[in-house]
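The chain contents come next:
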Amino acid sequence: MSTEDLTLDLLAYHAFPLLASALTERKDAILQEWESAVAHTLPAADALTLENLRNSVPLILQELIDAFASGQPEATRYLEEGSKLHGESRFQENYNMRELVVEYRLLRRVMIEQISGVLNEKLDMENNVALNMAVDTALQSGIVMFTENLQAQIKASTEIRSKYLSYLSHDLRNHLNRATLHIQLLSAKLARIPEYESNVLDLDSVKNAILQTTAGMDKLLQSEQLRRGSIHQAANVVDLNLFLSEVVKQVAPEAKSKGLELEMDVPEGAKAVSDEKLLILVLQNLLDNAVKYSSAGTIKVRARDHSNAENISWVLSIIDHGPGIAPENLTHLFDAFRRGETHGIPGVGLGLSIAAEAARLLGGKLEIESEVDVGSTFRLMLPSPASPASESGM
């Protein structure tokens, strides 16, 4: 915030001697009443917090007096800077933003009451506006600094999480892959000895648990890459028949083991302009989900040319005959780590969130139609190469 802001002209370039005088006269009373109001309104405020109030509030009150008395922009800038320090100190004291706002609301009320008493209830419009403007300036500066500190804290926490995920992707993954290999070798040896049949089943169970863990790690890493924007986008011509065939092949073994049919319905010569890395993130996660939650029937992968529609080139659909999704779960369906009815299926709740974020980066959009006990249809609308949505997404 700067005093060049036209909304601060009244305060920055005009003196208000009556306010300065009244505030000087009532400064101690304002401080005392404010402390009492804060202690009553914010019962969590301990002795240390109140001591910090006594240390910082007199400075703000003096800067308010100087701003009213000066009529020069420098005084208003000092008020802004002092309020920033107040906001930073409140952050360090583990306040939340609501408590900081409450402090300034109480300050406004106490100041108006005390100054009105000095001026014999004759606080005219111009002085009233200047008084509120001064409190608003202090409040805004305090919140800006509080927010900047909060953002820095979140950034630091996110960096720690990113480093942790990097460790997972490298060290832990290598160990788990070696463990899986040893389990497979041991299982193959034991399978030739009839009396160890039950042990082979136990080893298969352990192997599956490891595979589920690494799959969950993959989801976390994909989500982190999208969040950080570390997936660089490059639009190319995509042969949809070839591309979708490869995606279907990846889930074919699991689908076969569950007795599911996989069907493709894609026009000959179908081509889209898109980013394959992001496109595969969307379709892999949608198709994985369809196979994971379906227990019978056919899963269809369909592509339809919509180039005649405004801003849409292709609509790619994944249609299943699974359990469907209840209406109350649709609202938060694409939120990270939010899972509705899981039907006993393990997962981390990131697949659809990853699909939605990748679709957004493509400049497209995901839609869903679902009916409980009937099935679900997920549609990815790919933008036209020259559409505004495509340009913003790419």
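In case you missed it, the structure is sitting above this.
Described in the following lines is the structure provided in the data block.

Scoring rules and cut-offs
Residues numbered from 1 in each chain as written. Predicted model: local features only at pLDDT ≥ 70, side-chain atom pairs only at ≥ 80, totals over all residues. Heavy atoms only, no water. Pairing = 2+ DSSP bridges. Helix = DSSP H or I, 4+ residues; strand = E, 2+ residues; numbered from the N terminus. Axes fitted to C-alpha atoms, helices over the stretch in contact; angles between N-to-C directions. Contact = heavy atoms within 4.5 Å. Salt bridge = Lys/Arg side-chain N within 4 Å of Asp/Glu carboxyl O. Buried < 20%, exposed > 50% of the residue type's maximum accessible area, 1.4 Å probe, protein only. Expected span 1.5 Å × (residues − 1). Parallel < 35°, antiparallel > 145°, perpendicular 65-115°, else oblique. Left-handed = near helix turned anticlockwise from the far one by under 90°. Nonpolar A, V, L, I, M, F, W, Y, C, P; charged D, E, K, R; others polar.

What follows concerns the sheet that holds strand β4 (residues 298-305). An order of β2-β4-β5-β7-β6 is seen for the 5 strands of this open sheet, with the pairing classed as mixed. Edge strands, defined here as strands with exactly one partner in the open sheet, are β2 (261-265) and β6 (365-371). For this sheet, the mean inter-axis angle between neighbouring strands, taken without regard to orientation, is 15°. On top of the sheet, helix α12 (residues 351-361) reaches β6 and β7 (375-383); it is set at about 140° to β6, its chief contact.

Turning our attention to the pattern of salt bridges. The tally for this structure, following the rule as stated, stands at 11 salt bridges. For Glu246, the salt bridge goes to Lys249, with nearest N and O atoms at 3.5 Å. In this pair, Glu246 and Lys249 are both assigned in helix α9 (residues 240-257), 3 residues apart and thus about one turn of the helix distant. Classification of Lys249 as exposed rests on a relative accessible area of 53%.

Below, the discussion takes up helix α3 (residues 27-41). Taking 1.5 Å of rise per residue, 15 residues should cover 21 Å, and α3 covers 21 Å from first to last C-alpha, within 8% of that figure. Restricting attention to buried positions, one finds in α3 the residues Ile30, Leu31, Trp34, Glu35, Ala37 and Val38.

With that settled, the discussion passes to the packing of α3 against helix α6 (residues 97-118). Two elements in contact, α3 and α6, have axes separated by 9 Å at closest approach and are oriented at 140°. Taken together, the axes of α3 and α6 are oblique relative to one another. For the crossing formed where α3 meets α6, the hand is right-handed. For the pair α3 and α6, the contacting residues are Ala29, Ile30, Glu33, Trp34, Ala37, Val38 and Thr41 in the first and Val102, Glu103, Leu106, Leu107, Arg109, Val110, Met111, Glu113 and Gln114 in the second. When grouped by side-chain class, the residues that make up the contact of α3 with α6 number 10 nonpolar, 2 polar and 4 charged.

Successive side chains on a regular strand alternate, one facing one side of the sheet and the next facing the other. Summarising burial for β7: 9 of the 9 residues are buried, a large majority. The side-chain alternation of β7 yields two buried faces, one formed by Gly375, Thr377, Arg379, Met381 and Pro383 and the other by Ser376, Phe378, Leu380 and Leu382. Bridge count for strand β5 (residues 312-319) against β7 is 7 bridges, and the pairing is antiparallel. Across the sheet, residue Leu316 finds its bridge partner in β7, namely Leu380. Judged from the 7 bridges that link them, β6 and β7 form a sheet pairing that is antiparallel. Bridge pairing links Lys365 to Met381 in β7.

Functional significance is not addressed by these values, which are geometric in nature.
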